[in-house]
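If you want the building blocks of each chain, they are given just below.
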Amino acid sequence: MKKKNIAIIALVAILLVPFSCSKNFLNTTNTFQSSAQATFQKSSDVVALINSIYDTYQNSDLLKKSLWYYANFQTHDFFNWGGDVQWNQYQISPTFGQLPSLWNNAYIGIARANSAFGIIADAKTKGIVTPDLADRLTGEAYFLRGLTYYYLAGTFGGVPLELVEGSNGLTPRSTQDSVFGQVVSDMQQAEKLLLSKTTLPVSELGRATKGAAYGYEGAAQMWLKNYTAALAAFNNPELTSNYHLLTNFITVGEYDHQNNDESLFEIQFNAGGGSQSWDGSWQAGGEIAWIDDFSWPEEITGQGYDYGNPGLWLSYQAGDLRKIATIAGPGDSLISPGIIAKWGGIKGYPVVKSNFTNGDARYKGDDLNIINTVGALSHPWYGQDKLRTGYVCSKKWRDPNLTGSNNDQNGHSNLFGDQNQVLLRYAEIILDRAECKIRTGDIAGGQADIKLIRDRAWGGASPAVMQDGANYDGSASVPITDPLQQVLSEYRHELTGEYSLFYDLRRAGDQVAADFINTAYGTQNNLIPIPNPAPGPTHDGQVHGLYNAALTLTREILPIPSSAIALNPNLVQNPGY
């Protein structure tokens, strides 16, 4: 079968996409049956081309069902309910329907970036864009291409490196190290060309900056075990001077704290003043996604497509303020200031009020008043089919405008949200830096960085002894004394429910992620759900969606999509698939 030329795909994708990106630089253009020379005749046209690369990530299937699922389902901290339960069993196959969402969208974005380099250079020569703007846009193209290869290699291992226009789509896979080497190269180019956070105009908020490039360069150097080079990136003043930990952990993910001082790079969304219902999700002029409230309980939204592991809830050490801000279960009230201000907590949602009034026992608290917790201790929220654990990702329960499939007080079903999705924040940089210091012999320095994160988590001085609150089965935990295990534990408790955790665990070395997860959850060679072994409100001897399948080294990475191999016979499948 004849393969489509990637350059042609890129041009078609560029010309047909509605160019949009952030809350401040949303830009829409419709251009059909045109050529690059005819299209890019104004500065705004070239800017819109770069916006189209950002647009690759404004995609629920890519962000939620690809990156977020991999970062969180692979850890067993969270599980899937619905059509993608293969994640819970580590049984993703090459024909799994969501694999092409990441692969195809990623290579569309890469093709757009590759096309952009020549178009920007030509526009600069013709005076269509200024030299300064050309540099910034070129830096953004390098950053976005490097970002995309970062997640491709982190998820699949080695992938084809498409670096120029005109590829025939038959490129074989490069090694994982080669791909991360390219990420380093792209980020180093971006570092030279991008604006600093300090000089980025407010109107351009959301675009890549030098600090974001240094952050991803350092992370890629860690994949290559170049820890000294990673430290150099993490210690660059663009990071250390321009980004800071927020004082309170709860504010990090709040709806009214988007693009905050801790965030290095986040994908921008904007409802644009339009409907956020299912029908309205197809409107033009807005960028919204079904990412966040799909994590909420079915009892609130009618969805509940992912849910938490009670073992994660148990693992937070006593006094850790991150716990309920990350995972909430029976008897736990939401602590999001935004949700409390808008709704007064769970009790204010119209679906809760109406069902309580109608006598539905699920919406009565243990005190028999209207419920204001994520399920009651006496009757956890398992979903109507009772196939969820009763625990949810409260880190994703921050947008006060959302109601899921159920109506708000005005009769509107707000299912699609516009909260930005943070891919990298400064807390992760500090933990990355801690790991690098430990691996290069600076144990004290690494533990000092860990303490920065833990002190914020306790709202002051954290305990001198680090240990989990309890093991997955409720038994007593033991102190964590190994410095590397301390870093891995903090990756988990700081970053779970976001977009990084499993990538950071796998990056630590072969079998490290599998050993860490298997130990954390007492996993077995078992593909079916089990009763919760830990004492507590969900310890009823019944099965409620808790899985404990063991992770193996070969299943740490996903298979290459069979559809990609069908188009490119030079691709070789990952071992074990």
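Structure: above.
Residues numbered from 1 in each chain as written. Predicted model: local features only at pLDDT ≥ 70, side-chain atom pairs only at ≥ 80, totals over all residues. Heavy atoms only, no water.

1. Overview of the packing of aromatic side chains
- Following the criterion strictly, the structure yields 32 aromatic pairs and no others.
- With centroids separated by 5.9 Å and ring planes inclined at 75 degrees, the aromatic side chains of Phe-143 and Tyr-216 adopt a geometry described as edge-to-face. Placement of Phe-143 in helix H7 (residues 131-156) and of Tyr-216 in helix H9 (residues 210-223) is noted, with a sequence separation of 73 residues between them. Both residues of the pair, Phe-143 and Tyr-216, count as buried.
- With 4.9 Å between their ring centres and 20 degrees between their planes, Trp-296 and Trp-397 make a pair best called stacked. (Phe/Tyr/Trp six-rings, centres within 6.5 Å; stacked < 30°, edge-to-face > 60°. Helix = DSSP H or I, 4+ residues; strand = E, 2+ residues; numbered from the N terminus. Buried < 20%, exposed > 50% of the residue type's maximum accessible area, 1.4 Å probe, protein only.)

2. Considerations on helix H21 (residues 512-521)
- Of all the 10 residues making up H21, seven are buried; the element is thus mostly covered by neighbouring parts of the structure.
- Residues Ala-513, Ala-514, Phe-516, Ile-517, Asn-518, Ala-520 and Tyr-521 constitute the buried set of H21.
- Summarising the contacts, the buried residues of H21 are in contact with helix H13 (310-315), helix H19 (483-495) and helix H20 (501-507).
- Trailing H21 by a residue or two, Gly-522 shows a phi angle of about 55 degrees, which is positive. (Contact = heavy atoms within 4.5 Å.)

3. Some thoughts on the nonpolar core
- Core analysis: the biggest nonpolar cluster contains 122 residues, and Leu-63, Phe-143, Leu-147, Leu-152 and Phe-265 have the highest contact counts within it.
- A total of 14 residues in this core trace back to one element, the largest contributor, which is H7.
- Not counting the four nearest positions on each side in its chain, Leu-147 is found in contact with Tyr-57, Met-187, Tyr-216, Phe-265 and Leu-423.
- By size, the runner-up hydrophobic cluster in this structure holds 19 residues, among which are Ile-300, Ala-328, Leu-334 and Ile-346. (Core = buried A, V, L, I, M, F, W, Y, C linked by side-chain atoms within 4.5 Å.)

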